[in-house]
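What the coordinates show
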Amino acid sequence: MFKNKHFLTIINIFLTIMDNLSENIWKKHISVLLNELVDSIEIFEDRQNIIVDCTLWMAGHFIEIAKKTNPWDIMIWFDADIKNLELAKQRISNSLENINFIENKTEEKKDKLNILLINDNFWNLKEQLENRQIEKISWIYYDLWLSSLHLDEADRWFSFMKEGPLDMRLNKTKWQTARDIVNSYTAKDLREIFLKYWESAQANKIAHRIVDLRKQKKFETTSDLAEIIPGPPKEKAKIFQALRIEVNKELEMLENSLEDAIKLLDKGWKIFVISFHSLEDRTTKQIFKRETRDCICTDLICSCHHKKSLKLLNKKPILPTEDEIKNNARSRSAKARIAQKL
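Report on the accompanying structure. The model shown is predicted, which means the values in this text are computed figures rather than measured ones.

Comments concerning the overall build of the chain
Each helix and strand in the chain was counted, giving 14 helices and 8 strands. Partitioning the intrachain contacts of the chain with sequence separation of at least 6 by distance along the chain shows that 71% fall at a separation of at least 24. With the model as given, the accessible surface of the chain reaches about 17700 Å², and the carbon-plus-sulfur share is 52%.

In structure tokens:
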């Protein structure tokens, strides 16, 4: 009897500790431009709203948006990182009532907010939604940055500030890691990555240094790479960011996903994109601008037959307020763009 009670006490203590750890983990992540995003969403009560979160992270944006929805609406979450997805699901279950987790649209209930979790990158947006019998969506948004979990935890493979495997994959089922790249790419290929993705002034020097040093010993950890990059932490960050973008093909995925998202949007509905560096913002800006034109070719007589599909709702990007930057320094580089489907 004593042993059983003792065992149950230990189990309860363990569960309490795990709950507290989980709560502390998600509290470390602060959603950027939260008010701006939530305020921009208009929920209609006379129809079903289908809202897509392409980068769930820790569900900060999602939970606040869910509070505005009708019981019969559908909210869809994408996250390539299964650990984020699991933690976010727990947080959502603790924060929201009257919800129904579904696998596809056929399982929806009319008296509950239907939630669909998709463990995949937003690159596969169109395919994943079509597989679940969803052809049109009402609202879609992107938060194009790593969560605080990725930056703060060494075992999430991204930060050079802590020791960890040289991985950088958002989706661990992908075969190519940062380790593969630095140990196999030519100096020319590495240089092009560093120049293209972060315009590093030392791109050529660092690329050749990596190739020379790996002949003696393969790069295995974040520290192995960080210690051979000269200069201040900012320079190391540029190289790590460039490798992360290459590993996850982030700009190619963003471009493809935005194009699919615009096609999936119903007339009159909106797309909202939060980016954190110039390459992401430039990609978003160019696609939005292209979709506001009836012709995108350079011929004297149009031969592209392209028809505009978007209306820009902000000519200049939405920026965080001074108060938000003060409370969350990581928000300082954030920019948001919003457009409406014609």
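A few points about unusual backbone geometry
Notably, Asn-98 is not glycine yet its phi reads approximately 55°, a positive angle. With relative accessibility at 41%, the residue Asn-98 sits in the partly exposed group. The backbone of Gln-133 shows a phi angle near 65°, a positive value even though the residue is not glycine. Note that Gln-133 resides in the loop between helix 5 (125–131) and strand 5 (137–144).

Re the packing of aromatic side chains
By convention here, two paired aromatic rings are described through the distance between centres and the angle between planes. One pass over the full model with this rule turns up 6 aromatic pairs. Cluster of aromatic residues (ring-pair linked, three or more members): Phe-62, Trp-77 and Phe-101. Sitting over the face of the ring of Phe-44, Arg-47 holds its NZ or CZ atom 4.2 Å from the ring centroid. Its end group placed over the ring of Phe-101, Lys-89 keeps NZ or CZ at 4.9 Å from the ring centre.

Quick word on the side chain of Thr-284
The topology assignment puts Thr-284 in helix 13 (residues 278–290). In this structure Thr-284 comes out as buried when scored by relative accessible area, which is 1%. If near-sequence neighbours (up to four positions away) are discounted, Thr-284 is found in contact with Leu-254, Leu-258, Val-273 and Arg-337.

Quick word on the packing of helix 11 (residues 233–248) against helix 12 (residues 250–264)
Viewed as axis vectors pointing N to C, helix 11 and helix 12 meet at an angle of 50°, and their least axial separation amounts to 6 Å. With respect to each other, helix 11 and helix 12 are oriented oblique. Facing helix 11, whose interface residues are Arg-244, Ile-245 and Asn-248, helix 12 presents Glu-250, Leu-251 and Met-253. Within the contact of helix 11 with helix 12, the residues separate by chemical class into 3 nonpolar, 1 polar and 2 charged.

Considerations on the state of the cysteines
Per the counting criterion, the structure on display carries 0 disulfides. Left unpaired, Cys-297 is separated from the closest cysteine sulfur, that of Cys-295, by 3.5 Å. We classify Cys-297 as partly exposed; its relative accessible area is 23%. Unpaired in this structure, Cys-302 has its nearest cysteine sulfur neighbour in Cys-295, at a distance of 3.4 Å.

Observations concerning the side chain of Asp-73
In this structure, Asp-73 sits in the loop between helix 3 (60–66) and strand 2 (74–78). Buried charge without a salt bridge: Asp-73, with Arg-47 as the nearest opposite-charge side chain at an N-O distance of 9.0 Å. Of note is the side chain of Asp-73, whose polar atom sits 2.9 Å from the backbone nitrogen of Asn-49. From its side chain, Asp-73 meets the backbone nitrogen of Asn-70 in a polar contact 2.7 Å long.

Some points on helix 9 (residues 203–213)
All of the buried residues along helix 9 are Ala-203, Ile-206, Ala-207, Ile-210 and Val-211. Seen end-on, helix 9 carries its buried residues on one side only, within an arc spanning 135°. In this fold, the buried residues of helix 9 make contact with helix 7 (178–184), helix 8 (187–198), helix 10 (222–226) and helix 11.

Rules used in this analysis
Residues numbered from 1 in each chain as written. Predicted model: local features only at pLDDT ≥ 70, side-chain atom pairs only at ≥ 80, totals over all residues. Heavy atoms only, no water. Helix = DSSP H or I, 4+ residues; strand = E, 2+ residues; numbered from the N terminus. Contact = heavy atoms within 4.5 Å. Areas by Shrake-Rupley, 256 points an atom, 1.4 Å probe, with all protein chains shown as cover. Buried < 20%, exposed > 50% of the residue type's maximum accessible area, 1.4 Å probe, protein only. Phe/Tyr/Trp six-rings, centres within 6.5 Å; stacked < 30°, edge-to-face > 60°. Lys NZ or Arg CZ within 6 Å of the ring centre and 35° of its normal. Axes fitted to C-alpha atoms, helices over the stretch in contact; angles between N-to-C directions. Parallel < 35°, antiparallel > 145°, perpendicular 65-115°, else oblique. Nonpolar A, V, L, I, M, F, W, Y, C, P; charged D, E, K, R; others polar. Disulfide = S-S within 2.5 Å. Lys, Arg positive; Asp, Glu negative; His and termini not counted. Salt bridge = Lys/Arg side-chain N within 4 Å of Asp/Glu carboxyl O. Polar contact = N/O pair within 3.5 Å; in protein donor to acceptor, adjacent residues only side chain to side chain. Arc of directions from axis to C-beta.

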